[in-house]
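Chain by chain, the residues:
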Amino acid sequence: MSSIDPEKIKFKTLYSAEDIQKRIETLGAEISKDLQGEPVMFISVLKGAIMFTADLMRSIKAPVTLDFIGVASYQGTTSTGTVRITNDLSTDIRGKNVIVLEDIVDTGRTLDYLLRMLKQRNPKTLKLCALLNKPAAREIPVQVDYCGFEISNQFVIGYGLDLDQRWRELPFIAQVYET
Ligand code: IMP
């Protein structure tokens, strides 16, 4: 699929904007309950998690702070296998309750790398919340503490997720087809 022209793809809606909002409200309630009023710091993984972050933050009933981290591992529809930090945090996470917000966990390489790196910075707690999870694509085990939707091994776009930097603006999540 890596030869797909991002401008000429075909796609089919998997989750509508309404499906996504409903699920996020439930996730927000679950996270708020677990926090029991304690403050939390969200670390949003750029760029795919931005919409998810904005919506999830508004459904949390506890004090929330936010930072961003930039990670790159994909080109087209294939993982390059190498993870690198393109933009580090601007705040210290030591002693904080941290939840990493990711758009999708695929092979697990990105999150395995990122969670290990963040753990070394001594947060009080460190959890992962992923909008989407593709367990069938997993190469490295990763504990997903909160998950929006589990999907099969397919490439998806929209609601922050891209194909070569396109289609993030779609308000829904769609499955990509080869043309
Ligand atoms: P992993 O390291 O293979 O788990 O990949 C994680 C990253 O790959 C995600 O943060 C996404 O940026 C990207 N990715 C994996 N699957 C998809 C997909 O279906 N659509 C868009 N991006 C994806």
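These figures come from a predicted structure and were not determined experimentally.

Visitor: Got a minute to help me understand the overall build of the chain in this structure?
Guide: Helix and strand content of the chain: three helices and nine strands. Reading the secondary structure of the chain in the N-to-C direction produces β-α-β-α-β-β-β-α-β-β-β-β. Its C-alpha radius of gyration of 16 Å places the chain within 12% of the 16 Å reference for a compact globule of 179 residues. Projected onto its principal axes, the C-alpha positions of the chain cover 50 × 35 × 25 Å. In the chain, the proportion of contacts linking residues at least 24 apart, taken out of those at least 6 apart, comes to 69%. Accessible surface computed for the chain: about 9,100 Å², of which carbon and sulfur atoms make up 49%. The centroid of the 22 positive side-chain charges in the chain is displaced by 3 Å from the centroid of its 23 negative side-chain charges.

Visitor: Help me out: how do you make sense of the sheet that holds strand β1 (residues 10–15) in this one?
Guide: Sheet strands pair via backbone hydrogen bonds, and the direction of the pair is either parallel or antiparallel. Strand order in this open sheet of three strands is β1-β9-β8, and the pairing throughout is antiparallel. Two strands close off the open sheet at either side, each with one partner strand: β1 and β8 (156–157). Note that β8 and strand β9 (residues 173–177) share two bridges and pair antiparallel. Across the sheet, the residue bridging to I157 is A174, located in β9.

Visitor: What exactly am I supposed to notice about the environment of A62 here?
Guide: Relative to the assigned elements, A62 resides in the loop between α2 (50–57) and β3 (64–75). When its relative accessible area of 16% is taken as the criterion, A62 is described as buried. Taking the C-alpha atoms as reference points, A62 and G28, separated by 34 residues in sequence, lie 10 Å from one another. When near neighbours in sequence (up to four residues on either side) are disregarded, A62 contacts L35, G37 and E38.

Visitor: Help me understand the pattern of salt bridges in this model?
Guide: Think of it this way: side chains of opposite charge can pair up when their charged atoms draw near. With the rule as written, the count across this model stands at nine salt bridges. Between K134 and D106 there is a salt bridge; the shortest N-O distance is 3.4 Å. Pair noted here: K134 is in the loop between β6 (125–133) and β7 (146–150) and D106 is in the loop between β5 (97–105) and α3 (109–119), with a separation of 28 residues, a long-range link.

Visitor: Teacher, can you tell me more about the nonpolar core here?
Guide: Across soluble globular proteins, you tend to see nonpolar side chains buried next to one another. Counting residues in each nonpolar core, the largest one holds 25 residues, and the members touching the most others are I31, F52, L56, I99, C129, L132 and I173. Elements represented by at least two residues in this core include exactly α1 (17–35), β2 (40–46), α2, β5, β6 and β7. Of all the elements, α1 adds the most residues to this core, at five residues. M117, L128, A130 and V142 belong to the second-largest nonpolar core, a separate cluster that totals 21 residues.

Visitor: Quick question: what am I supposed to make of the site of the ligand here?
Guide: Taken together, 16 residues lie near the ligand, and D103, T107, G108, T110 and V156 sit nearest. Between D103 and the ligand, the recorded distance is 2.8 Å, taken from a side-chain N or O atom to an oxygen atom. A distance of 3.0 Å separates an oxygen atom of the ligand from a polar side-chain atom of K134. For the shell around the ligand, the elements supplying multiple residues, two or more each, are β5 and α3. Tallying contributions element by element places β5 first for the shell around the ligand, with four residues. For the shell around the ligand, the class distribution of residues is six nonpolar, four polar and six charged.

The rules behind the values
- Residues numbered from 1 in each chain as written.
- Predicted model: local features only at pLDDT ≥ 70, side-chain atom pairs only at ≥ 80, totals over all residues.
- Heavy atoms only, no water.
- Helix = DSSP H or I, 4+ residues; strand = E, 2+ residues; numbered from the N terminus.
- Rg over C-alpha atoms; globule rule 2.2 N^0.38 Å.
- Contact = heavy atoms within 4.5 Å.
- Areas by Shrake-Rupley, 256 points an atom, 1.4 Å probe, with all protein chains shown as cover.
- Lys, Arg positive; Asp, Glu negative; His and termini not counted.
- Charge placed at Lys NZ, Arg CZ, Asp CG, Glu CD.
- Pairing = 2+ DSSP bridges.
- Buried < 20%, exposed > 50% of the residue type's maximum accessible area, 1.4 Å probe, protein only.
- Salt bridge = Lys/Arg side-chain N within 4 Å of Asp/Glu carboxyl O.
- Core = buried A, V, L, I, M, F, W, Y, C linked by side-chain atoms within 4.5 Å.
- Near = heavy atom within 4 Å.
- Polar contact = N/O pair within 3.5 Å; in protein donor to acceptor, adjacent residues only side chain to side chain.
- Nonpolar A, V, L, I, M, F, W, Y, C, P; charged D, E, K, R; others polar.

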